[in-house]
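Per-entry structural report
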Amino acid sequence: MKKIIALLLFILVLSGCAAQSEKTGYRQVTTDEAISIMEEEKDYIILDVRTPEEYKSKHIPGAINIPNETIGTEDIPELPDKEQLIMIYCRSGNRSKQAAEKLAAQGYTNIVEFGGINDWTGETVTE
């Protein structure tokens, strides 16, 4: 009987995690987890949703800049594949969550939000 109860609790916890992912439409990870994903994956986009000025001062190599404020309900030419892995960050994590929610609402299905460049331990570049 204890095993059945434990199994049911485990299933309940797993379904709660799945419901959270469906609710937000994106996955949230730490910067260390993001670095691991970037090392393992090949075809992904790193999306910096800060202002152009912030982006120029310091950003992750290879990142493209689409400010959060410009993301609405219209298609985004720089992000044509709605199934492609998109790794999103900002300065501290607030705008990246907003952008991830907006992209999920537009039908993007493979979004990973990893907070802000303030916590980034990997390489950065300036323009």
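Placed above this text is the structure.
Residues numbered from 1 in each chain as written. Predicted model: local features only at pLDDT ≥ 70, side-chain atom pairs only at ≥ 80, totals over all residues. Heavy atoms only, no water.

Counting buried positions along strand S5 (residues 111–116) yields six of six residues, so the element is predominantly enclosed. Taken together, the four bridges between strand S4 (residues 85–90) and S5 define a ladder with parallel strand orientation. Across the sheet, residue isoleucine 88 finds its bridge partner in S5, namely glutamate 113. Crossover handedness for the path S4 to helix H4 (residues 94–105) to S5: right-handed. (Buried < 20%, exposed > 50% of the residue type's maximum accessible area, 1.4 Å probe, protein only. Helix = DSSP H or I, 4+ residues; strand = E, 2+ residues; numbered from the N terminus. Pairing = 2+ DSSP bridges. Right-handed = clockwise from strand over helix to strand, strands pointing away.)

As a further point, take H4. For H4, spanning 12 residues, the distance from its first C-alpha to its last is 17 Å, which sits close to the expected 16 Å at 1.5 Å a residue. Listed in full, the buried residues belonging to H4 are Arg95, Ser96, Ala99, Ala100, Leu103 and Ala104. Glycine 107 sits one or two residues past H4 and shows a positive phi near 105°. (Expected span 1.5 Å × (residues − 1).)

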